[in-house]
Amino acid sequence: MPLPTLLAPPAPLHVDTTPDHVAIIMDGNGRWARERHLPRTFGHRAGMKAVREVVEGAIEAGVKVLSLFAFSQENWQRPPAEVSALMQLLEEYIARETSELAGRGVRVRVLGDLQRLSPTAAAAVAHVVERTADNDRLVLNLFISYGGRAELVEAARRVARDVVEGRLSADAIDEDAIGARLYTAGCPDPDLLIRTSGEQRISNFLLWQLAYTELVISPVLWPEFGRQQLFDALREYQRRDRRFGRVPA
């Protein structure tokens, strides 16, 4: 009787080629709920567990910046009940996880058009940002009420104001000048973008910053995405040859 075939163990993660900045489009909450004949809000709640798993995995792997696309500007057009539930989940996540994030050395930044948040959601955001401001083990960027085109428009407005008010000359406008006026100023561009649920688009996320980012599309729905799936994506990244438009010497 032949012996069963053993699966090869996964390739190890190499610390020296771990991406510094990993961005994730967290997609598939609604589909996960629909497959189980549940309301969409159940999918969003299930996705909160995946956030914790990925944060813990990023710390373990040595990632320095983790950016999660949590709520787009377009999401405001969803049914009011779903938007309200998402805002409540944001407040719940912050209330539940702030102490844990602070204890693990995670610095939380919340990026987007935050003026559209409700007063209670805005207060929760301000609390977690202030509570974790001095941490440096992992930067966790939460993109809320965010759109890539809107970010570029706002950066252009800031450049224009600085030129008009004499703080910047027109001849000095370059990539660095624009990058310094983006929400992500001070953060390196993502090395790796992961999109879950198998969809193959970037959905108006970090349009400027993703210029040379490696893309990994995972078929796994976000509520089922965990540490192992993150490590699989990191291993795929480590197999890539990043040339940034150049050719090998």
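So, a few notes on the structure that sits alongside this text. (Residues numbered from 1 in each chain as written. Predicted model: local features only at pLDDT ≥ 70, side-chain atom pairs only at ≥ 80, totals over all residues. Heavy atoms only, no water.)

A few points about the pairing of strand β4 (residues 138–146)
Looking along a regular strand, one sees side chains alternate from face to face of the sheet.
Here's step 1: Extensive coverage of β4 is indicated by the burial of nine of its nine residues.
Here's step 2: Two strands pair when backbone bridges link them, and strand β2 (residues 65–72) and β4 are joined in this way by seven bridges, in the parallel orientation. Opposite S67, over in β4, you have N141 as the bridge partner.
Here's step 3: Note that strand β3 (residues 106–111) and β4 share six bridges and pair parallel. (Buried < 20%, exposed > 50% of the residue type's maximum accessible area, 1.4 Å probe, protein only. Helix = DSSP H or I, 4+ residues; strand = E, 2+ residues; numbered from the N terminus. Pairing = 2+ DSSP bridges.)

Describing the sheet that holds β2
Strand pairing in a sheet is mediated by backbone hydrogen bonds. Such pairs are either parallel or antiparallel.
Here's step 1: As summarised here, the arrangement of the six strands in space is β3-β4-β2-β1-β5-β6, forming an open sheet in which the pairing is parallel. Whereas interior strands pair on both sides, the edge strands pair on one side only; in this sheet they are β3 and β6 (214–217). For this sheet, the mean inter-axis angle between neighbouring strands, taken without regard to orientation, is 20°.
Here's step 2: In the sheet, strand β5 (residues 192–195) pairs with β6 via four bridges, with the strands oriented parallel. Residue pairing in the sheet places L192 in a bridge with E214 of β6.
Here's step 3: Each of β1 (21–25), β5 and β6 is contacted by helix α7 (residues 227–238), which is oriented at about 135° to β5, the strand it contacts most. (Axes fitted to C-alpha atoms, helices over the stretch in contact; angles between N-to-C directions. Contact = heavy atoms within 4.5 Å.)

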